[in-house]
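Residue-level structure breakdown
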Amino acid sequence: MPISTINTNSIADDAVTVPKVTDQVLTHRNLIINGAMQVAQRGTSASVSDGSNEGYSTADRFNFQITGLTGVAYTASQSTDAPDNFSNSFKLDCTTAASLAATTNTRFYQRIEGQNLQHLGYGTSGAKSLTASFWVKSNKTGSYGLWFYNAGASRAISRLYTIDSADTWEYKTVTISGDTSGSITNDSGSGLEMRFAIAVGSDLTSGTLATNWGSLVNADRHAGHDANIGLSTDDYWQITGVQLEVGDTATPFEHRSFGEELALCKRYYQKHGNETSAYRYLAPAFCNSTSQAQGVLTLPVTMRAAPTTSVSGSFQLIHASTGSSITLGTKELNESSVGLQPSGSGFTANSGAIIRGANDATAQLKLDAEL
Amino acid sequence: MSEMNITSAQYVTYDGVNDHIDIVIDGDTYSVPIAPANRHYAEIMRQVEAGTLTIQEAE
(Lines give C-alpha, C1' and ligand atoms only; values in the text may rest on other atoms or scores of the structure.)
Protein backbone atom coordinates (compact mmCIF):
# COMPACT_ATOMS: atom_id res chain seq x y z
CA MET A 1 0.00 0.00 0.00
CA PRO A 2 1.48 3.39 -0.90
CA ILE A 3 2.30 5.43 2.16
CA SER A 4 0.11 8.23 0.83
CA THR A 5 -2.95 6.02 1.28
CA ILE A 6 -2.26 5.13 4.95
CA ASN A 7 -4.55 7.13 7.17
CA THR A 8 -6.81 6.55 10.10
CA ASN A 9 -9.35 4.94 7.81
CA SER A 10 -6.74 2.29 6.92
CA ILE A 11 -5.41 1.48 10.42
CA ALA A 12 -7.77 1.23 13.31
CA ASP A 13 -6.73 3.35 16.27
CA ASP A 14 -6.08 0.31 18.48
CA ALA A 15 -4.46 -1.86 15.83
CA VAL A 16 -0.91 -0.73 16.52
CA THR A 17 0.14 -1.35 20.09
CA VAL A 18 3.46 -1.05 21.84
CA PRO A 19 4.02 -4.83 22.16
CA LYS A 20 3.43 -5.25 18.42
CA VAL A 21 6.01 -2.71 17.34
CA THR A 22 8.56 -2.59 20.15
CA ASP A 23 10.76 -5.33 18.77
CA GLN A 24 10.97 -3.62 15.41
CA VAL A 25 11.32 0.04 16.25
CA LEU A 26 12.39 0.60 19.85
CA THR A 27 16.08 -0.08 20.42
CA HIS A 28 18.24 0.31 23.49
CA ARG A 29 15.51 -1.16 25.65
CA ASN A 30 17.73 -3.71 27.34
CA LEU A 31 19.66 -2.35 30.33
CA ILE A 32 21.60 -5.63 30.55
CA ILE A 33 24.80 -6.03 28.53
CA ASN A 34 25.60 -9.40 26.95
CA GLY A 35 22.21 -10.84 27.91
CA ALA A 36 22.48 -13.42 25.12
CA MET A 37 25.84 -14.59 26.52
CA GLN A 38 27.53 -14.06 23.15
CA VAL A 39 30.71 -12.45 24.47
CA ALA A 40 33.21 -14.38 26.58
CA GLN A 41 36.52 -12.51 26.33
CA ARG A 42 38.05 -14.24 29.37
CA GLY A 43 37.36 -17.73 28.03
CA THR A 44 34.52 -20.11 27.32
CA SER A 45 34.98 -22.42 30.28
CA ALA A 46 36.39 -22.18 33.80
CA SER A 47 36.55 -24.38 36.87
CA VAL A 48 35.12 -22.37 39.75
CA SER A 49 35.24 -23.41 43.37
CA ASP A 50 34.87 -21.74 46.71
CA GLY A 51 37.86 -19.40 46.76
CA SER A 52 39.15 -20.08 43.25
CA ASN A 53 38.23 -18.39 39.98
CA GLU A 54 35.16 -16.71 41.47
CA GLY A 55 34.09 -13.49 39.83
CA TYR A 56 34.07 -12.71 36.14
CA SER A 57 35.25 -15.96 34.59
CA THR A 58 33.40 -16.61 31.31
CA ALA A 59 30.41 -14.62 29.96
CA ASP A 60 31.31 -10.93 30.02
CA ARG A 61 29.63 -8.62 32.53
CA PHE A 62 28.21 -11.47 34.63
CA ASN A 63 29.78 -12.26 38.00
CA PHE A 64 29.51 -15.60 39.80
CA GLN A 65 30.34 -15.78 43.51
CA ILE A 66 30.30 -18.59 46.03
CA THR A 67 29.84 -18.04 49.76
CA GLY A 68 29.25 -20.63 52.46
CA LEU A 69 29.23 -23.70 50.23
CA THR A 70 32.49 -25.25 51.36
CA GLY A 71 34.12 -27.63 48.93
CA VAL A 72 31.68 -27.04 46.09
CA ALA A 73 32.99 -26.84 42.53
CA TYR A 74 31.33 -25.96 39.26
CA THR A 75 32.26 -25.70 35.63
CA ALA A 76 31.12 -22.29 34.41
CA SER A 77 30.86 -22.12 30.65
CA GLN A 78 29.53 -20.35 27.61
CA SER A 79 27.33 -23.17 26.33
CA THR A 80 26.00 -23.64 22.81
CA ASP A 81 22.86 -25.19 24.25
CA ALA A 82 20.26 -22.44 23.96
CA PRO A 83 16.55 -21.91 23.22
CA ASP A 84 15.34 -21.07 19.71
CA ASN A 85 16.75 -17.82 18.30
CA PHE A 86 19.74 -17.84 20.67
CA SER A 87 23.15 -19.37 20.05
CA ASN A 88 24.61 -19.33 23.55
CA SER A 89 23.77 -19.61 27.21
CA PHE A 90 25.72 -19.37 30.46
CA LYS A 91 25.90 -22.75 32.20
CA LEU A 92 26.84 -23.73 35.74
CA ASP A 93 27.48 -27.45 36.08
CA CYS A 94 28.20 -28.82 39.56
CA THR A 95 31.29 -31.05 39.57
CA THR A 96 31.77 -31.40 43.33
CA ALA A 97 28.72 -31.29 45.58
CA ALA A 98 28.55 -29.63 48.98
CA SER A 99 26.14 -29.22 51.86
CA LEU A 100 23.98 -26.15 52.30
CA ALA A 101 24.83 -23.97 55.31
CA ALA A 102 22.91 -21.13 56.88
CA THR A 103 25.45 -18.74 55.39
CA THR A 104 25.29 -20.10 51.85
CA ASN A 105 24.97 -17.25 49.36
CA THR A 106 25.97 -18.38 45.89
CA ARG A 107 24.88 -15.97 43.22
CA PHE A 108 25.07 -14.86 39.60
CA TYR A 109 24.64 -11.19 38.87
CA GLN A 110 25.18 -8.14 36.72
CA ARG A 111 25.69 -4.60 38.02
CA ILE A 112 24.49 -1.64 35.96
CA GLU A 113 26.12 1.79 36.09
CA GLY A 114 24.08 4.36 37.98
CA GLN A 115 24.50 7.01 35.28
CA ASN A 116 22.70 4.68 32.85
CA LEU A 117 19.66 4.46 35.13
CA GLN A 118 18.74 8.08 35.82
CA HIS A 119 15.76 7.86 33.45
CA LEU A 120 14.12 5.46 35.92
CA GLY A 121 13.36 8.39 38.20
CA TYR A 122 14.17 6.45 41.36
CA GLY A 123 13.71 8.46 44.52
CA THR A 124 10.82 10.43 42.96
CA SER A 125 7.09 9.91 42.74
CA GLY A 126 7.51 9.09 39.08
CA ALA A 127 9.83 6.11 39.60
CA LYS A 128 9.32 3.66 36.76
CA SER A 129 8.65 -0.06 36.90
CA LEU A 130 11.16 -2.52 35.48
CA THR A 131 10.51 -5.86 33.84
CA ALA A 132 13.09 -8.63 33.68
CA SER A 133 12.79 -11.50 31.24
CA PHE A 134 15.05 -14.48 30.58
CA TRP A 135 15.25 -18.09 29.46
CA VAL A 136 16.33 -20.59 32.10
CA LYS A 137 16.89 -24.35 32.33
CA SER A 138 17.91 -26.71 35.12
CA ASN A 139 17.64 -30.29 36.29
CA LYS A 140 16.12 -28.94 39.50
CA THR A 141 12.52 -27.70 39.55
CA GLY A 142 11.27 -25.33 42.23
CA SER A 143 11.47 -21.71 43.30
CA TYR A 144 14.49 -19.52 42.71
CA GLY A 145 15.26 -16.09 44.09
CA LEU A 146 15.79 -12.99 41.99
CA TRP A 147 16.97 -9.89 43.82
CA PHE A 148 17.44 -6.25 42.84
CA TYR A 149 19.74 -4.07 44.92
CA ASN A 150 20.49 -0.36 44.87
CA ALA A 151 23.82 -0.28 46.72
CA GLY A 152 23.97 3.52 46.90
CA ALA A 153 20.73 3.68 48.89
CA SER A 154 21.12 0.21 50.47
CA ARG A 155 17.61 -0.71 49.31
CA ALA A 156 16.36 -3.93 47.78
CA ILE A 157 13.35 -5.75 46.35
CA SER A 158 12.93 -9.48 45.81
CA ARG A 159 11.00 -11.81 43.57
CA LEU A 160 10.77 -15.55 42.96
CA TYR A 161 10.54 -17.37 39.68
CA THR A 162 9.71 -21.04 39.23
CA ILE A 163 11.26 -23.72 37.06
CA ASP A 164 8.33 -26.02 36.35
CA SER A 165 9.86 -28.74 34.17
CA ALA A 166 13.32 -30.25 34.52
CA ASP A 167 15.76 -30.06 31.63
CA THR A 168 13.51 -27.75 29.61
CA TRP A 169 14.11 -24.19 28.47
CA GLU A 170 11.46 -21.96 30.08
CA TYR A 171 10.77 -18.26 29.51
CA LYS A 172 10.27 -16.18 32.66
CA THR A 173 9.19 -12.60 33.26
CA VAL A 174 9.32 -10.64 36.50
CA THR A 175 8.16 -7.06 37.11
CA ILE A 176 9.22 -4.81 39.97
CA SER A 177 7.83 -1.42 40.91
CA GLY A 178 9.92 1.72 40.81
CA ASP A 179 11.49 2.84 44.07
CA THR A 180 10.02 6.21 45.01
CA SER A 181 12.30 6.58 48.05
CA GLY A 182 15.81 5.49 47.14
CA SER A 183 17.56 7.44 44.42
CA ILE A 184 20.28 5.94 42.25
CA THR A 185 23.62 7.69 42.46
CA ASN A 186 24.44 9.38 39.18
CA ASP A 187 27.97 8.13 38.57
CA SER A 188 29.90 5.24 37.05
CA GLY A 189 29.46 3.07 40.12
CA SER A 190 26.93 0.31 40.58
CA GLY A 191 23.43 1.78 40.45
CA LEU A 192 21.42 -1.42 40.35
CA GLU A 193 22.36 -5.07 40.69
CA MET A 194 20.21 -7.85 39.24
CA ARG A 195 21.06 -11.02 41.09
CA PHE A 196 20.02 -14.63 40.51
CA ALA A 197 20.23 -16.87 43.59
CA ILE A 198 21.98 -20.15 42.82
CA ALA A 199 22.14 -21.64 46.32
CA VAL A 200 21.13 -19.82 49.49
CA GLY A 201 20.88 -20.79 53.15
CA SER A 202 18.55 -19.86 55.95
CA ASP A 203 20.33 -16.59 56.70
CA LEU A 204 18.76 -15.30 53.47
CA THR A 205 15.50 -17.28 53.46
CA SER A 206 14.18 -17.29 57.03
CA GLY A 207 12.15 -14.08 56.76
CA THR A 208 9.36 -12.87 54.51
CA LEU A 209 10.04 -12.16 50.85
CA ALA A 210 10.66 -8.43 50.39
CA THR A 211 8.20 -7.76 47.56
CA ASN A 212 8.40 -3.98 47.99
CA TRP A 213 11.43 -1.73 47.90
CA GLY A 214 12.85 -1.20 51.35
CA SER A 215 15.96 -1.19 53.47
CA LEU A 216 18.07 -4.29 53.20
CA VAL A 217 16.96 -7.16 55.46
CA ASN A 218 19.05 -10.24 54.78
CA ALA A 219 16.50 -12.77 56.07
CA ASP A 220 13.91 -11.42 53.62
CA ARG A 221 16.17 -11.47 50.59
CA HIS A 222 15.35 -14.90 49.18
CA ALA A 223 12.50 -16.20 51.35
CA GLY A 224 10.77 -18.98 49.43
CA HIS A 225 13.83 -19.98 47.43
CA ASP A 226 13.97 -23.78 47.64
CA ALA A 227 15.97 -24.99 44.62
CA ASN A 228 19.71 -25.03 45.24
CA ILE A 229 22.32 -25.78 42.61
CA GLY A 230 25.47 -27.40 43.99
CA LEU A 231 24.15 -30.01 46.39
CA SER A 232 24.51 -32.83 43.85
CA THR A 233 26.77 -33.41 40.87
CA ASP A 234 23.57 -33.81 38.85
CA ASP A 235 22.87 -30.12 39.35
CA TYR A 236 23.15 -27.59 36.57
CA TRP A 237 21.60 -24.19 35.79
CA GLN A 238 21.59 -22.34 32.48
CA ILE A 239 20.40 -18.92 31.46
CA THR A 240 20.26 -16.68 28.40
CA GLY A 241 18.18 -13.92 26.86
CA VAL A 242 18.46 -11.79 29.99
CA GLN A 243 16.67 -8.50 29.50
CA LEU A 244 15.78 -5.70 31.91
CA GLU A 245 13.60 -2.92 30.54
CA VAL A 246 11.45 -0.04 31.65
CA GLY A 247 7.74 -0.78 32.00
CA ASP A 248 5.52 -3.59 33.17
CA THR A 249 5.55 -5.59 29.94
CA ALA A 250 8.27 -7.92 28.72
CA THR A 251 9.03 -7.31 25.07
CA PRO A 252 10.94 -9.68 22.78
CA PHE A 253 14.66 -9.89 23.50
CA GLU A 254 16.61 -7.09 21.87
CA HIS A 255 19.21 -8.89 19.77
CA ARG A 256 22.26 -6.71 19.21
CA SER A 257 25.05 -7.57 16.79
CA PHE A 258 28.15 -9.28 18.20
CA GLY A 259 30.17 -6.16 17.41
CA GLU A 260 27.82 -3.90 19.33
CA GLU A 261 27.76 -6.23 22.31
CA LEU A 262 31.55 -6.63 22.29
CA ALA A 263 32.05 -2.87 22.24
CA LEU A 264 29.70 -2.49 25.21
CA CYS A 265 31.61 -5.19 27.09
CA LYS A 266 34.95 -3.51 26.40
CA ARG A 267 33.95 -0.62 28.61
CA TYR A 268 34.43 -3.10 31.46
CA TYR A 269 37.06 -5.57 30.21
CA GLN A 270 39.53 -5.67 27.36
CA LYS A 271 42.38 -7.94 26.37
CA HIS A 272 45.12 -7.12 23.91
CA GLY A 273 47.76 -9.33 22.32
CA ASN A 274 47.82 -12.77 20.83
CA GLU A 275 44.86 -15.10 20.36
CA THR A 276 47.03 -17.84 18.88
CA SER A 277 50.77 -18.40 18.74
CA ALA A 278 51.88 -15.38 16.79
CA TYR A 279 53.74 -12.09 16.89
CA ARG A 280 50.79 -9.73 17.06
CA TYR A 281 51.86 -6.14 17.68
CA LEU A 282 50.70 -4.63 20.94
CA ALA A 283 51.94 -1.04 20.88
CA PRO A 284 54.73 1.27 19.68
CA ALA A 285 57.50 2.18 22.13
CA PHE A 286 60.74 4.09 22.48
CA CYS A 287 63.94 2.73 24.02
CA ASN A 288 65.11 5.33 26.52
CA SER A 289 68.04 3.17 27.62
CA THR A 290 69.60 -0.20 26.91
CA SER A 291 67.39 -1.81 29.56
CA GLN A 292 64.13 0.11 29.48
CA ALA A 293 61.56 1.39 27.01
CA GLN A 294 58.34 3.41 27.22
CA GLY A 295 55.18 2.76 25.25
CA VAL A 296 51.50 3.57 25.23
CA LEU A 297 48.40 1.60 24.35
CA THR A 298 45.47 3.79 23.34
CA LEU A 299 42.29 1.92 24.21
CA PRO A 300 39.65 1.31 21.50
CA VAL A 301 36.83 1.89 23.97
CA THR A 302 36.97 4.27 26.93
CA MET A 303 36.70 2.16 30.05
CA ARG A 304 34.34 2.73 32.96
CA ALA A 305 37.24 3.48 35.31
CA ALA A 306 41.01 3.33 35.31
CA PRO A 307 41.58 -0.41 34.77
CA THR A 308 43.46 -3.02 36.72
CA THR A 309 46.05 -4.61 34.46
CA SER A 310 47.54 -8.09 34.31
CA VAL A 311 50.06 -9.55 31.90
CA SER A 312 50.31 -13.18 30.81
CA GLY A 313 52.64 -15.01 28.46
CA SER A 314 55.81 -13.83 26.76
CA PHE A 315 56.35 -10.53 24.98
CA GLN A 316 59.34 -9.16 23.12
CA LEU A 317 60.61 -5.76 22.02
CA ILE A 318 61.67 -5.22 18.41
CA HIS A 319 64.25 -2.44 18.12
CA ALA A 320 66.68 -1.73 15.29
CA SER A 321 65.72 -5.04 13.63
CA THR A 322 66.58 -6.97 16.77
CA GLY A 323 64.21 -8.74 19.12
CA SER A 324 64.69 -8.87 22.90
CA SER A 325 62.71 -10.75 25.50
CA ILE A 326 61.07 -8.38 27.94
CA THR A 327 59.22 -8.13 31.19
CA LEU A 328 56.17 -6.01 30.46
CA GLY A 329 55.13 -3.55 33.15
CA THR A 330 52.26 -1.06 33.09
CA LYS A 331 51.88 2.41 34.58
CA GLU A 332 49.85 5.63 34.35
CA LEU A 333 46.64 3.64 34.11
CA ASN A 334 43.58 5.60 33.04
CA GLU A 335 40.26 5.15 31.27
CA SER A 336 41.56 5.78 27.75
CA SER A 337 45.20 4.67 27.71
CA VAL A 338 47.71 2.46 29.47
CA GLY A 339 51.38 3.25 29.78
CA LEU A 340 53.72 0.36 28.99
CA GLN A 341 57.19 -0.13 30.40
CA PRO A 342 59.15 -3.00 28.86
CA SER A 343 62.35 -3.88 30.68
CA GLY A 344 65.14 -6.22 29.65
CA SER A 345 68.68 -5.97 28.29
CA GLY A 346 70.50 -5.15 25.07
CA PHE A 347 67.98 -2.58 23.88
CA THR A 348 69.12 -0.09 21.24
CA ALA A 349 69.00 3.14 23.21
CA ASN A 350 67.21 6.10 21.64
CA SER A 351 65.52 3.99 18.98
CA GLY A 352 61.91 3.39 18.13
CA ALA A 353 60.52 -0.03 18.95
CA ILE A 354 57.50 -2.31 18.80
CA ILE A 355 56.13 -4.42 21.63
CA ARG A 356 54.72 -7.70 20.35
CA GLY A 357 53.77 -11.20 21.44
CA ALA A 358 56.65 -13.67 21.38
CA ASN A 359 54.99 -16.46 19.41
CA ASP A 360 52.99 -17.29 22.51
CA ALA A 361 49.21 -17.71 22.39
CA THR A 362 48.94 -16.60 26.00
CA ALA A 363 50.81 -13.31 25.47
CA GLN A 364 48.07 -10.92 26.53
CA LEU A 365 47.56 -7.66 28.40
CA LYS A 366 44.23 -7.75 30.24
CA LEU A 367 42.39 -4.68 31.49
CA ASP A 368 39.60 -4.89 34.05
CA ALA A 369 37.28 -2.02 34.95
CA GLU A 370 34.31 -4.13 36.02
CA LEU A 371 31.84 -3.10 38.67
CA MET B 1 35.20 -16.34 50.79
CA SER B 2 35.73 -12.65 50.37
CA GLU B 3 35.32 -11.63 46.76
CA MET B 4 39.07 -11.04 46.41
CA ASN B 5 41.66 -13.16 48.17
CA ILE B 6 44.46 -10.58 48.16
CA THR B 7 47.62 -12.09 49.64
CA SER B 8 50.00 -9.15 49.14
CA ALA B 9 49.98 -5.51 48.11
CA GLN B 10 52.84 -3.11 47.37
CA TYR B 11 53.05 0.40 45.99
CA VAL B 12 54.95 0.90 42.72
CA THR B 13 56.50 4.32 42.11
CA TYR B 14 57.58 6.15 38.99
CA ASP B 15 59.59 9.33 39.27
CA GLY B 16 59.23 9.10 43.01
CA VAL B 17 55.44 9.13 43.00
CA ASN B 18 53.14 6.22 43.86
CA ASP B 19 51.71 5.20 40.47
CA HIS B 20 49.77 2.04 41.29
CA ILE B 21 49.62 -0.94 43.65
CA ASP B 22 50.76 -4.42 42.65
CA ILE B 23 48.63 -7.08 44.31
CA VAL B 24 48.59 -10.88 44.24
CA ILE B 25 45.27 -12.75 44.01
CA ASP B 26 45.25 -16.55 43.75
CA GLY B 27 48.94 -16.42 42.81
CA ASP B 28 48.47 -13.98 39.94
CA THR B 29 49.85 -10.42 39.94
CA TYR B 30 47.66 -7.42 39.09
CA SER B 31 48.52 -3.72 38.82
CA VAL B 32 45.81 -1.62 40.41
CA PRO B 33 45.46 2.13 39.75
CA ILE B 34 45.05 4.44 42.71
CA ALA B 35 41.48 5.26 41.69
CA PRO B 36 38.43 4.97 43.96
CA ALA B 37 36.17 3.87 41.07
CA ASN B 38 38.34 0.82 40.45
CA ARG B 39 36.82 -2.20 42.23
CA HIS B 40 40.20 -3.71 43.11
CA TYR B 41 41.40 -0.44 44.66
CA ALA B 42 38.13 -0.15 46.60
CA GLU B 43 38.59 -3.69 47.91
CA ILE B 44 42.23 -3.00 48.86
CA MET B 45 41.13 0.04 50.85
CA ARG B 46 38.29 -1.93 52.47
CA GLN B 47 40.71 -4.64 53.59
CA VAL B 48 43.25 -2.07 54.78
CA GLU B 49 40.58 -0.32 56.86
CA ALA B 50 39.49 -3.70 58.23
CA GLY B 51 43.07 -4.36 59.28
CA THR B 52 43.39 -7.51 57.19
CA LEU B 53 45.78 -6.10 54.57
CA THR B 54 48.82 -3.86 54.66
CA ILE B 55 50.19 -2.11 51.59
CA GLN B 56 53.98 -2.34 51.53
CA GLU B 57 55.96 0.72 50.56
CA ALA B 58 57.67 0.70 47.16
CA GLU B 59 61.10 -0.87 46.92
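Here the residue index of a chain counts from 1 through its sequence in written order. Working convention: letters from A go to chains and numbers from 1 go to ligands, in the order in which they are written. Where totals are concerned, whole chains, interfaces and linings use all residues; where local detail is concerned, this predicted model gives features only for residues with pLDDT of at least 70, and gives and counts side-chain atom pairs only at 80 or more. Only heavy atoms go into the side-chain values, all of them from the structure, while hydrogens and water stay out.

Focus: the nonpolar core
Residues and elements named next belong to chain A. In these notes, a set of buried Ala, Val, Leu, Ile, Met, Phe, Trp, Tyr and Cys residues joined through side-chain atoms within 4.5 Å is what counts as a nonpolar core. Relative accessibility thresholds used throughout: buried, under 20% of the residue-type maximum; exposed, over 50%; partly exposed, between the two (1.4 Å probe, protein chains only). Residues Y74, F108, F148, Y161, F196, W237 and L244 are the most contacted members of the largest nonpolar core, which totals 48 residues. Going along the chain from the N terminus, every DSSP run of H or I of four or more residues is numbered as a helix, and every run of E of two or more is numbered as a strand. By residue number, the principal contributor to this core is strand β10 (residues 190–200), which donates 5 residues. Membership of the second largest hydrophobic core comes to 22 residues, among which are L317, I326, A363 and L367.

Some points on the side chain of A:N34
Looking at the element boundaries, A:N34 is found in the loop between α1 (18–25) and β1 (45–49). What makes two residues a contact is simply this: any of their non-hydrogen atoms within 4.5 Å. Ignoring anything within four residues of it in the chain, the contact list for A:N34 reads A:V39, A:A59, A:D60, A:F62, A:R256, A:E261 and A:C265.

Structural notes on the pattern of salt bridges
All names here are of chain A. Only one rule defines a salt bridge in this text: a Lys or Arg side-chain nitrogen within 4 Å of an Asp or Glu carboxyl oxygen. For the structure shown, the criterion picks out 15 salt bridges over all chains. A salt bridge links R267 to E113; the shortest N-O distance between them is 2.7 Å. Taken as a pair, R267 in the loop between α2 (258–265) and β13 (269–273) and E113 in strand β5 (residues 105–113) lie far apart in primary sequence, 154 residues in all. Looking at R267, the relative accessible area reads 23%, which means it is partly exposed. One salt bridge connects E170 with K172, and the closest N-O pair in it is separated by 2.7 Å. For the pair formed by E170 and K172, the shared burial category is buried. By sharing partners, the salt bridges in this structure join R111, E193 and R195 into a single network.

Digging into the pairing of strand β3 (residues 73–79) of chain A
All names here are of chain A. Among the 7 residues that make up β3, 6 are buried, leaving the element largely enclosed by the rest of the structure. Strands pair, by our definition, only if DSSP identifies at least two bridges between them. When β3 meets strand β4 (residues 89–96), the two strands line up antiparallel, connected through 7 bridges. Residue pairing for β4: A76 is matched across the bridge by L92.

Structural notes on the domain arrangement of chain A
Residue and element names in this part refer to chain A. Domain borders in the structure are assigned automatically or taken from a domain database. When its domains are assigned, chain A resolves into domain 1 (18–266) and domain 2 (269–368). The distance between the C-alpha centroids of domain 1 and domain 2 comes to 36 Å. Each partner contributes to the interface: domain 1 provides 9 residues, whereas domain 2 provides 7 residues. Using a 1.4 Å probe, buried area is obtained as the accessible area two parts lose upon being combined, added over both of them. Across the domain 1 to domain 2 interface the summed buried area is about 760 Å²; carbon plus sulfur atoms make up 47%. Taken as a group, Q41, R42 and K266 account for 67% of the area that domain 1 buries against domain 2, more than any other trio of residues on that side. At the boundary of domain 1 with domain 2, the tally comes to 0 salt bridges. Within 3.5 Å is the distance limit for a polar contact, defined as a pair of N or O atoms, with the added protein rule that one can donate a hydrogen and the other accept it, and that residues adjacent in sequence qualify only through two side-chain atoms. Inspection of the domain 1/domain 2 interface yields 5 residue pairs in polar contact (both at pLDDT 80 or more). Of the residues contributing to the side of domain 1 that touches domain 2, the split by class is 2 nonpolar, 3 polar and 4 charged. For this classification, the nonpolar set comprises Ala, Val, Leu, Ile, Met, Phe, Trp, Tyr, Cys and Pro, the charged set comprises Asp, Glu, Lys and Arg, and every other residue, Gly included, is treated as polar.

What about the sheet that holds β10(A)?
Paired through backbone hydrogen bonds, the strands of a sheet run either parallel or antiparallel to each other. All names here are of chain A. Strand order in the open sheet formed by 6 strands is β2-β5-β10-β7-β8-β11, with antiparallel pairing between adjacent strands. The outermost strands of the open sheet, each flanked by one partner alone, are β2 (63–65) and β11 (214–215). Sheet topology places β2 next to β5; 3 bridges connect them, and they run antiparallel. Of the residues in β5, the one forming a bridge with F64 is F108.

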